[in-house]
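Structural features, examined
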Amino acid sequence: MIRICDHPDCDTLTLGSLCAVHEQAPAATVRFPRGRPFPRLPVRTALEVLVSDPVELTPAPAVSFGGGTAR
C-alpha cells in the first residue's frame, strides 16, 4: 500500500516505511545478462510447429439463435 515516508518533514509517497532517499542502506544492485534472469531457449517458428506437430482439424457445427439478417 502506498504511504507517506515516516521521516520528519518528508511527504514523498513510498511503498515501505521510508522513501529511497531516507533508507538506511541502499538496495543492492543486481545485473542480469540480456536484461532478465532466464536462460536463452531455442524459439520455434509457427511454421516449424505446424509441420512437426500436425493437428487434425474437425469441422464444427454452425449454431443459429434464430435471428434474422438485416436487409
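Residues numbered from 1 in each chain as written. Predicted model: local features only at pLDDT ≥ 70, side-chain atom pairs only at ≥ 80, totals over all residues. Heavy atoms only, no water.

Let us now look at the overall build of the chain. Regarding its fold elements, the chain presents one helix and two strands. Start at the N end of the chain and walk to the C end: the helices and strands fall as β-β-α. Relative to its full complement of 71 residues, the chain shows a buried share of 6%. Of the accessible surface of the chain, which amounts to about 7,400 Å², a share of 62% is contributed by carbon and sulfur atoms. (Helix = DSSP H or I, 4+ residues; strand = E, 2+ residues; numbered from the N terminus. Buried < 20%, exposed > 50% of the residue type's maximum accessible area, 1.4 Å probe, protein only. Areas by Shrake-Rupley, 256 points an atom, 1.4 Å probe, with all protein chains shown as cover.)

Right, let's talk about the state of the cysteines for a bit. Per the stated rule, a full pass over the model turns up zero disulfides. Cys10 carries a free sulfur, and the closest cysteine sulfur to it, the one in Cys5, is 3.9 Å from it. Cys10 sits in the buried class, given a relative accessible area of 13%. (Disulfide = S-S within 2.5 Å.)

On the surface, Ile2, Ile4, Leu13 and Leu15 cluster together to form a nonpolar patch covering roughly 460 Å² of accessible area. Considering the arrangement of structural elements, one finds Leu13 in strand S2 (residues 13-14). (Patch = residues over 30% accessible without salt bridge, like charges linked within 9 Å, V, L, I, M, F, W, Y side chains within 5 Å. Salt bridge = Lys/Arg side-chain N within 4 Å of Asp/Glu carboxyl O.)

Within the element layout of this structure, Thr14 appears in strand S2. At 3.3 Å, the side chain of Thr14 forms a polar contact with the backbone nitrogen of Gly16. Looking at Thr14, its side chain comes within polar contact range of the main-chain oxygen of Leu18, at 3.1 Å. (Polar contact = N/O pair within 3.5 Å; in protein donor to acceptor, adjacent residues only side chain to side chain.)

Attention now moves to unusual backbone geometry. Although it is not a glycine, Asp9 adopts a positive phi angle of roughly 65°. With respect to the secondary-structure elements, Asp9 resides in the loop between strand S1 (3-4) and S2.

Before going further, it helps to examine the confidence of the model for the chain. Any residue range with low pLDDT should be treated as having predicted coordinates unsuitable for detailed reading. Looking at the chain, the pLDDT average stands at 76 and 61% of residues meet or exceed 70. Mean pLDDT values over the elements of the chain span from 67, in helix H1 (residues 46-52), up to 94, in S1. (pLDDT = per-residue confidence, 0-100.)

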